[in-house]
Amino acid sequence: MELRVENVSKRFKNGVQALTPINLVLSQGVYGLLGPNGAGKSTLMKILTGNLEPTQGQVCYDDVSIQKNMRAYCHRIGYVPQNQGIYAQFTARQFLWYMAALKGLPKRLAREQVNGLLVTVGLEQVAGQKLGGFSGGMKQRVLIAQALLGKPEIIILDEPTAGLDPMERIHIRNFISNLASEKIILLSTHVVSDVADIAKQIILLSHGKILFQESAKDLCEKLNGHVFICHAEAKHLSQIKENYLVSSISELLGGKVRLRLIVKNDAHCPFKDKLLCSVAKTSPDLQDVYLAYLGESGRDGFSEGVSYANIPF
Ligand SMILES: Nc1ncnc2c1ncn2[C@@H]1O[C@H](COP(=O)(O)OP(=O)(O)OP(=O)(O)O)[C@@H](O)[C@H]1O
Ligand SMILES: [Mg+2]
């Protein structure tokens, strides 16, 4: 089971180059697709699901171009698009039956799977209620359930946790993690913690380019020795930001702040910095990695003109 993206680029008619030629290989497991707004995540997902044609390159599933047999490929794909509308007048059960019909599922299989999926996503009690009255999290669960109809091998989820509360996020995250056996799952999000623990690899997309495809563990290891926690005077923050990326700030009493910092380059040692006190090294997490690569603006590498290429790892 292998989904391969070969030199795929996308240029829209308005001249926007949403994807520069990219290459990816996805096998069984969960992949987290991270990247700021406009990075090209949805464009890539639309190409992977056959909803958009690449300008160049091709997508192959088990060595066959998906363009060659789109009909068969569509049966192997489950997709939750970003901001998908939902039919408010349908009940959850009616909606799943409707989607099962669109997917061409025989009645017997449809009955079995609709009933099974309603239980799996925890909506069997409200299956007869109209979707218009569902909360955001409940709607999202119905949308994930429809993507699973027909038991597809590839599941593409475009920001399935957007706008959900922390409990619902955890619920959906655990649910996706349990699906992972014998499926390729690609999940896009802006929220690093959605994928940090469940993804076997993280793919970071920025300006239509893939900056890395690696496991969270390997990425964090690369940043080892460059992340610190410390205290400082709040009034020195802008000066501190000249030499470090600030991963998190919490306010303390007496005009002080507790900071999590990433060293921008080896010339600055936080232990010798007079603006910082109670300095201690700490283990990097994926949020630090994201910040180190994309900068505080989330799009242009290090802020204040320092490129992510300068990061000392
Ligand atoms: N149909 C289209 N026509 C023209 N430009 C488009 C089209 N779809 C996307 N774009 C542009 O392509 C770029 C990538 O958009 P895309 O939606 O793939 O980003 P994204 O990473 O999914 O962003 P977000 O996190 O906001 O969902 C953006 O500059 C966007 O404006
Ligand atoms: Mg998107």
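First things first, this report covers the structure right here in the doc. (Residues numbered from 1 in each chain as written. Chains lettered and ligands numbered in written order. Predicted model: local features only at pLDDT ≥ 70, side-chain atom pairs only at ≥ 80, totals over all residues. Heavy atoms only, no water.)

### A few points about the coordination of the magnesium ion (ligand 2)
Taken together, Ser42 (OG) and Gln82 (OE1) make up the protein donors of the magnesium ion (ligand 2), found 2.0 to 2.1 Å from the metal. In this pair, Ser42 is assigned in helix H1 (residues 41–48) and Gln82 in the loop between strand E6 (77–80) and helix H3 (92–102), connecting sequence segments 40 residues apart. We classify Ser42 as buried; its relative accessible area is 17%. (Donors = N, O, S within 2.8 Å, 3.2 Å for Na, K, Ca; no water. Helix = DSSP H or I, 4+ residues; strand = E, 2+ residues; numbered from the N terminus. Buried < 20%, exposed > 50% of the residue type's maximum accessible area, 1.4 Å probe, protein only.)

### A few points about the site of ligand 1
Taken together, 15 residues lie near ligand 1, and Asn37, Gly38, Lys41, Ser42 and Thr43 sit nearest. Taking Gln82, its side chain carries an N or O atom lying 2.9 Å from an oxygen atom of ligand 1. For ligand 1, whose free accessible area comes to 640 Å², the fraction covered by protein is 66%. For the shell around ligand 1, the per-class residue count stands at five nonpolar, eight polar and two charged. (Near = heavy atom within 4 Å. Polar contact = N/O pair within 3.5 Å; in protein donor to acceptor, adjacent residues only side chain to side chain. Areas by Shrake-Rupley, 256 points an atom, 1.4 Å probe, with all protein chains shown as cover. Nonpolar A, V, L, I, M, F, W, Y, C, P; charged D, E, K, R; others polar.)

### Remarks on the pattern of salt bridges
Counted according to the given criterion, the structure contains twelve salt bridges. Where Lys217 meets Glu221, a salt bridge forms, and the shortest distance between an N and an O atom there is 3.6 Å. Of the two residues, Lys217 and Glu221 are both situated in helix H8 (residues 216–222); the distance of four residues between them amounts to about one turn of the helix. Accessibility expressed as a relative area gives 43% for Glu221, which makes it partly exposed. Among the ionic contacts, a cluster of salt bridges with common partners joins Glu2, Arg4, Glu6 and Asp63. (Salt bridge = Lys/Arg side-chain N within 4 Å of Asp/Glu carboxyl O.)

### Re the environment of Ile22
Among the structural elements, Ile22 can be located in strand E2 (residues 17–26). Since its relative accessible area comes to 2%, Ile22 is described here as buried. When the C-alpha positions of Ile22 and Gln89 are compared, they lie 41 Å apart, and in sequence the two are 67 residues distant. Dropping the residues within four chain positions of it, Ile22 is found in contact with Val5, Glu6, Asn7, Val8, Leu44, Gly208, Lys209 and Ile210. (Contact = heavy atoms within 4.5 Å.)

### A short note on the packing of helix H5 (residues 136–148) against helix H6 (residues 166–179)
At their nearest, the axes of H5 and H6 sit 10 Å apart, and the two run at 10 degrees to each other. Classified by the angle their axes make, H5 and H6 are roughly parallel. H6 is crossed by H5, and the crossing has right-handed handedness. Of H6, the residues touching H5 (which contributes Gly137, Gln140, Arg141, Ile144 and Leu148) are Glu168, His171, Ile172, Phe175 and Leu179. Residue composition of the contact of H5 with H6, grouped by class: five nonpolar, three polar and two charged. (Axes fitted to C-alpha atoms, helices over the stretch in contact; angles between N-to-C directions. Parallel < 35°, antiparallel > 145°, perpendicular 65-115°, else oblique. Left-handed = near helix turned anticlockwise from the far one by under 90°.)

### A short note on the packing of aromatic side chains
Going through the model one piece at a time under the given rule, you end up with seven aromatic pairs. A centroid spacing of 5.6 Å and a plane angle of 85 degrees characterise the contact between Phe228 and Phe271, whose relative ring orientation is edge-to-face. Note that Phe228 is positioned in strand E11 (residues 227–233) and Phe271 in the loop between strand E13 (256–263) and strand E14 (276–281), a separation of 43 residues in sequence. On the accessibility criterion, Phe228 (4% relative accessible area) is buried. (Phe/Tyr/Trp six-rings, centres within 6.5 Å; stacked < 30°, edge-to-face > 60°.)

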